[in-house]
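Below, each chain spelled out in residue letters.
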Amino acid sequence: MTSLVISAAPIVIALPLVAGALTLFLRRWPWAEGGLAALASALAAALLVVARDAPLNLGLVVIDPSAPLFVLGRTLQLEANTQLILAALFAGTAPVLAVAAALPRQGVFFYPLVLGVLSAFAASLMVRPLLFGALAIEAAAAFAAVLIQADRQGARSTQGAVRYLVSATLALPMFFLAFWLAERTPALEGDATSLSVALLLLGNGLLLGAIPLYSWLHAVAKDAPPIVVSTVAVVVLGAAQAWLLRLWDVLAWFQSAAGARFALLLSAQVIWAGVVLIAWAQRSWARLMACALFLEVGAALWSAGVGRVGAEAAFSIAARGLVFAALGAGLHLLRPQPCAEGGVCYAREPLLLALIGFMALAGAPGTIGFAVRWLLVRASMESGVETAGLVALAGASLVLGALRTALPMLRCPAPSAPPAKEARLTRLLVGVAIVLLVGFGLLPSPLFFGSIPR
Amino acid sequence: MSELIRLLERLSQLAVVPLLAVLALAVLAVAVVHNWRIALPAMVVHYVAVAALLVRVIDPAVVLIELVAGIVTCIALIVASVGADNLQRAVGVPSAAERLQQPNWVQVPAQLTLRATAAVIVGAAMTGMAGRFPLPGVPLVFVLSAYLLFGVGLLVIVTSFEALNGGLGVLLMLSAFAVAYIPLEPSVSVGVLLGAITLLVGIAVAFLVLAEGGREEAAHAPLAERSESRA
């Protein structure tokens, strides 16, 4: 009996959507809700990894990621590099969702929204023509805006969400014009190439929040709860990075334009220089989170500029999930508590978790961040040692800022004991996070999904 | 349904200039008056004008989907705005109707003049751009409408910080995209997809409008801000 060959594309798009719908029925049990969401994300990642080299044979059904699916005249198909990066995106989201399950709920529809955003972004990374990918990003942005809002109320509570929605919408005509120009003039030359490349860079800059004066990153970091910021860092930034890498991978004229590479590398350097100058002076976790996001945006631009569109980029996205899950949990649990001697005190464990998160993000040796930064530095050495120094300085500036913010919180003696359940949960999260961050730091190979770069 | 389609077809038989004039006036109202009681009906008029334009190049049934999506979006925004108004009235902020009945004569003339001047400048610039940088393959009337919608959408976004006006700017830009792209690919799937995206964005904006209208609660304030103020 012959097996039925089906494309992996609809499964990867539908799995998060179905899980998102199911979480609505589990709202009474936050652990089950978060667990199901994390499981769906992990399953999608596993499917993409297992079926990477050969179609997955399930007896009656064979799931083939390279098999195209035609829907209303559009094609849904996974390219090899995109499949790896999409797997990393799902794998990176799973720990954030798992951690979120242990924390107070972030908005009524947090899990369905995260899964909806993932599904729409997954569609954007598979669909052809590329313009329809940009439209899928716009749909994802609508979900993401509500996710960023996270049920907060008040006059300025929507600033980050509106900014992100506007940025994603502004990017749409840029992509439209760039793709349309490329389609009309197959052999792009001269002005047409420059214009198309500039439009693509602008569009991606808007999606990544890398455009000065109208970036959505700091507004989101300032207003949204920490675990939501972490989710945005992993899902939204990760997907924007994946989109940029996909364009870089499939558009030969974009890749071969000398100006594009230069602009990407220069933008990354400028962003890192900004982090070096600004991060150390911050004494607010929200602003430090914004600096952390900018550090990652710089890394995303750099990885495209140096052509790291495969395993290395996937590794950085998956690792970002672990680091931001720890960071988000630490900052989320860092609640001011009444001190026995009067005033306000902070528990030590979440503070420790936040500091370790920032150190991992900065690339401290022994943590997973070190492997990520090492790959980045290695790629940078080819174009000069200055960039490697700049990345290291940006990380150091971030850690210095975190230490300056943490020190005043350590001045008072430990606060009166929190409720036993909360204390146990905090210690468990800290323990698991340290084990994972250090464990994958020492043995990072599983996060390369079997494609360790030479 | 067939009556509506026939109506759209009749509208599309109007001369181009009156259609463009209606579209320009509607988007001008959205740009100048930041009060939902005027801006949202103007948005409905803009969706009708856009549908009347699109019906020239695409199946009227598909345009109807676009139009219905736009109108449903406006209804969702009206419901959200009424809800936000009620929430704000409870804390002493005048509602949209009260602001229309008793305008603040100190601020309103300056704001209206500034926005109207900016809208006229943007309109003139966009008209010039439509002639200077046409989109090959797209009829001039569509190019002009797309540029106008995009420019005014951008203007609405930069002159406001509220979720509703920001959202209206986003919806105008989506309309601009539809007007520019549908003549290039007049297919059912494109029309349906754009309609669905308009609806999704509209619902997201309605959610944000309601959230913005609510009272800020200390318990919901982000932790980082609290720690910042106490550290």
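All values reported here derive from a predicted model rather than from experimental measurement. (Residues numbered from 1 in each chain as written. Chains lettered and ligands numbered in written order. Predicted model: local features only at pLDDT ≥ 70, side-chain atom pairs only at ≥ 80, totals over all residues.)

(A) The overall build of chain B, seen in detail. When its secondary structure is counted, chain B shows ten helices and zero strands. Its helices and strands taken in sequence order, chain B reads α-α-α-α-α-α-α-α-α-α from the N to the C terminus. Over its C-alpha atoms chain B spans a radius of gyration of 19 Å, differing by no more than 12% from the 17 Å that the globule rule assigns to 231 residues. Across chain B, contacts joining residues at least 24 apart in sequence account for 74% of those joining residues at least 6 apart. (Helix = DSSP H or I, 4+ residues; strand = E, 2+ residues; numbered from the N terminus. Rg over C-alpha atoms; globule rule 2.2 N^0.38 Å. Contact = placed C-beta atoms within 7 Å.)

(B) Quick peek at unusual backbone geometry. Backbone torsion omega between Arg 128 of chain A and Pro 129 of chain A reads 0°, so that peptide bond is classified as cis. By the secondary structure assignment, Pro 129 of chain A is in the loop between strand E6 (127-128) and helix H5 (130-149).

(C) The environment of Ala 54 of chain A, seen in detail. Relative to the helices and strands, Ala 54 of chain A resides in the loop between helix H2 (30-50) and strand E2 (56-57). Note on Ala 54 of chain A: 11 C-beta atoms within 10 Å, which makes it exposed. (Buried ≥ 20, exposed ≤ 12 C-beta atoms within 10 Å, placed from the backbone.)

(D) A look at the environment of Thr 387 of chain A. Residues and elements named next belong to chain A. Mapped onto the secondary structure, Thr 387 falls in helix H16 (residues 385-410). Under the C-beta neighbour-count criterion, Thr 387 is labelled buried, with 22 such atoms within 10 Å. Residues Thr 387 and Ala 273, spaced 114 residues apart in sequence, show a C-alpha to C-alpha distance of 9.7 Å. With residues up to four places along the chain from it excluded, the contact list for Thr 387 reads Gln 269 and Ser 380.

(E) View of the sheet that holds E6 of chain A. All names here are of chain A. In space, the three strands of this open sheet follow the order E4-E5-E6, with antiparallel pairing throughout. What marks the edges here is a single partner per strand, and that holds for strand E4 (69-71) and E6. Relative to strand E5 (residues 74-76), E4 is paired through three bridges, and the arrangement is antiparallel. Within the sheet, the bridge partner assigned to Val 71 lies in E5 and is Arg 74. (Pairing = 2+ DSSP bridges.)

(F) Structural context of the packing of helix H11 (residues 258-278) of chain A against helix H12 (residues 285-305) of chain A. Residues and elements named next belong to chain A. Orientation of H11 relative to H12, taken along the N-to-C sense of each, is 160°, at an axis distance of 8 Å. The pairing of H11 with H12 is recorded here as roughly antiparallel in orientation. Where H11 crosses over H12, the two elements pack in a sense that is left-handed. Contacts between H11 and H12 pair Arg 261, Leu 264, Leu 265, Ser 267, Ala 268, Ile 271, Trp 272, Gly 274, Val 275 and Ile 278 from the former with Cys 291, Phe 294, Leu 295, Val 297, Gly 298, Leu 301, Trp 302, Ala 304 and Gly 305 from the latter. Across the contact of H11 with H12, the residue classes tally to 14 nonpolar, four polar and one charged. (Axes fitted to C-alpha atoms, helices over the stretch in contact; angles between N-to-C directions. Parallel < 35°, antiparallel > 145°, perpendicular 65-115°, else oblique. Left-handed = near helix turned anticlockwise from the far one by under 90°. Nonpolar A, V, L, I, M, F, W, Y, C, P; charged D, E, K, R; others polar.)

(G) The arrangement of the nonpolar core in detail. Counting 271 residues, the largest nonpolar core has Val 114, Val 117, Ala 145, Ile 148 and Leu 398 of chain A together with Val 27 of chain B as its most contacted members. A total of 18 residues in this core trace back to one element, the largest contributor, which is helix H6 (residues 159-184) of chain A. Apart from residues lying up to four places away in sequence, Ile 148 of chain A is in contact with Gly 160, Ala 161, Tyr 164, Val 220, Ala 224, Val 228 and Val 232 of chain A. (Core = buried A, V, L, I, M, F, W, Y, C linked by C-beta atoms within 7 Å.)

(H) The sheet that holds strand E1 (residues 4-7) of chain A, seen in detail. Residue and element names in this part refer to chain A. As summarised here, the arrangement of the three strands in space is E1-E3-E2, forming an open sheet in which the pairing is mixed. Across the chains shown, the open sheet's two edge strands, defined by having one partner strand only, are E1 and E2. Where E1 meets strand E3 (residues 61-64), four bridges bridge the pair, whose relative direction is parallel. Paired with Leu 4 across the strands is Val 61, a residue of E3.

(I) Helix H14 (residues 348-362) of chain A, seen in detail. All names here are of chain A. Between its first and last C-alpha, H14 extends 21 Å over 15 residues, near the 21 Å set by a 1.5 Å rise per residue. Where burial is concerned, most of H14 is hidden: twelve out of the 15 residues are buried. What H14 keeps buried is the set Glu 349, Pro 350, Leu 351, Leu 353, Ala 354, Ile 356, Gly 357, Phe 358, Met 359, Ala 360, Leu 361 and Ala 362. Phi turns positive one or two residues past the end of H14, at Gly 363, with a value near 95°. (Expected span 1.5 Å × (residues − 1).)

(J) Molecular detail of the interface of chain B and chain A. In this complex, chain B contributes 36 residues to the contact, which on the side of chain A involves 40 residues. It is helix H9 (residues 188-213) of chain B that provides the largest number of residues to the side of chain B that touches chain A, a total of ten residues. Its residues assigned to classes, the side of chain B that touches chain A shows 21 nonpolar, seven polar and eight charged.

(K) Representation of the confidence of the model for chain A. When pLDDT is averaged along chain A, the result is 86, and 94% of the positions lie at 70 or above. At the level of individual helices and strands, chain A shows its lowest average pLDDT in strand E7 (residues 336-338) of chain A, which scores 75, and its highest in helix H4 (residues 110-124) of chain A, which scores 94. (pLDDT = per-residue confidence, 0-100.)

(L) Just the packing of H5 of chain A against H6 of chain A, in detail. Residues and elements named next belong to chain A. The geometry of H5 relative to H6 is characterised by a closest axis approach of 9 Å and an angle of 175° between their N-to-C directions. In terms of orientation, H5 and H6 fall into the roughly antiparallel class. From H5, Leu 130, Leu 131, Ala 134, Ile 137, Glu 138, Ala 141, Ala 144, Ala 145, Ile 148 and Gln 149 reach across to H6, where they touch Gly 160, Ala 161, Tyr 164, Leu 165, Ala 168, Thr 169, Leu 172, Phe 175, Phe 176 and Phe 179. Tallied by class, residues from the contact of H5 with H6 come to 16 nonpolar, three polar and one charged.

(M) Broad picture of the pairing of E3 of chain A. Residue and element names in this part refer to chain A. Here E2 pairs with E3 via two bridges, running antiparallel. Bridged to Asn 57 within E3 is Val 62. Counting the residues that bridge the hairpin from E2 to E3 gives three residues, and of these Gly 59 lies at a positive phi of roughly 90°.

(N) Seen up close, the confidence of the model for chain B. All names here are of chain B. Across chain B, pLDDT averages 85, with 92% of residues at or above 70. No element of chain B has a lower mean pLDDT than helix H10 (residues 223-230), which averages 41, and none a higher one than helix H8 (residues 163-181), which averages 94. In this model, residues 218-231 is a region of pLDDT below 50 whose contacts with residues beyond four sequence positions or in other chains number 31 contacts. Predicted complex metrics record ipTM = 0.88 and pTM = 0.90.

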